[in-house]
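What follows is the residue order along each chain.
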Amino acid sequence: NNVDDDRCVITIPKNTTISSLKSHVNNDLVINHVTAKKVALDSNSGDISVLNSEFDGGNVSTTSGNIAIRRSSLLNTKLSATSGDIALSRTSLTKGKVSLSSGDFTANHLSITGHYTITNQSGDNTITKSSIDGAKLTNQSGKNKLKRQTNNGGTLKQNLDEPNVVYLRNASGDNTIK
């Protein structure tokens, strides 16, 4: 059984902006070097990887799989994972939000413009080595760690009057910004 038999490759000319990109798959989906005004990417039982891309609105979601985004820019784009992790690396976020039901959110070298919210029901939220002016960490039954401040449950906040603020909300996992 050849893996390439199950693969669909679409080539888009360089310097082209797609007005709308939609995909609903039951396995893995890889998007590389794509600029799109609106996206609707959905996987029932596979991972979604976005590399070197720019999205201006829409949704990226998995039911049972992970989302990995590297070296990309997301404007007004919602990310959601029902049962899986979301990992961002060297990515800029403007507006939009992230929601997880059962999985971890990790981000490094993240740049946030405006207010951005990450909500998690049962998993850890961790942001490292990132450009964030302010933050509010809220937790029902887990640890909050904001730079050198730590508490169990409750809220930690810093510089909420700044223009670029991240909100980490968690029901039963840890929130960490370092």
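Residues numbered from 1 in each chain as written. Predicted model: local features only at pLDDT ≥ 70, side-chain atom pairs only at ≥ 80, totals over all residues. Heavy atoms only, no water.

(A) How the structure looks around the overall build of the protein chain. When you go through the protein chain residue by residue, the secondary structure sums to zero helices and 20 strands. With the principal axes as the frame, the protein chain shows a C-alpha extent of 50 × 35 × 20 Å. For the protein chain, long-range pairs separated by at least 24 residues make up 24% of all intrachain contacts whose partners lie at least 6 apart in sequence. Positive and negative side-chain charges of the protein chain, numbering 20 and 15 respectively, have mean locations separated by a distance of 8 Å. (Helix = DSSP H or I, 4+ residues; strand = E, 2+ residues; numbered from the N terminus. Contact = heavy atoms within 4.5 Å. Lys, Arg positive; Asp, Glu negative; His and termini not counted. Charge placed at Lys NZ, Arg CZ, Asp CG, Glu CD.)

(B) The arrangement of the side chain of Thr77 in detail. Turning to its location among the elements, Thr77 is positioned in strand S9 (residues 73-83). A distance of 3.5 Å separates the side chain of Thr77 from the backbone nitrogen of Gly57, its partner in a polar contact. Looking at Thr77, its side chain comes within polar contact range of the main-chain oxygen of Leu75, at 3.0 Å. With sequence-adjacent residues up to four places away left out, Thr77 is seen in contact with Val39, Phe55, Gly57, Gly58, Val60, Gly96, Lys97 and Tyr116. (Polar contact = N/O pair within 3.5 Å; in protein donor to acceptor, adjacent residues only side chain to side chain.)

(C) Broad picture of the environment of Thr16. In this structure, Thr16 sits in the segment before strand S1 (17-18). Along the backbone, Thr16 and Ser61 are 45 residues apart, and their C-alpha atoms lie at a distance of 24 Å. One polar contact links the side chain of Thr16 to the main-chain carbonyl oxygen of Pro13, over a distance of 2.9 Å.

(D) Structural detail: the environment of Thr11. Of note, Thr11 is situated in the segment before S1. Residue classification places Thr11 among the exposed residues on the basis of a relative accessible area of 72%. (Buried < 20%, exposed > 50% of the residue type's maximum accessible area, 1.4 Å probe, protein only.)

(E) Spatial organisation of unusual backbone geometry. The backbone phi angle of Arg90 is positive, close to 50°, even though this residue is not glycine. For His109, which is not glycine, the phi dihedral falls at a positive 55°. Assignment of secondary structure puts His109 in the loop between strand S13 (105-108) and strand S14 (111-113).

(F) Quick look at the side chain of Asn120. As for its placement among the helices and strands, Asn120 is situated in strand S15 (residues 115-120). For Asn120, a relative accessible area of 1% translates into the label buried. For Asn120, the side chain forms a polar contact with the main-chain oxygen of Gly103, separated by 2.8 Å.

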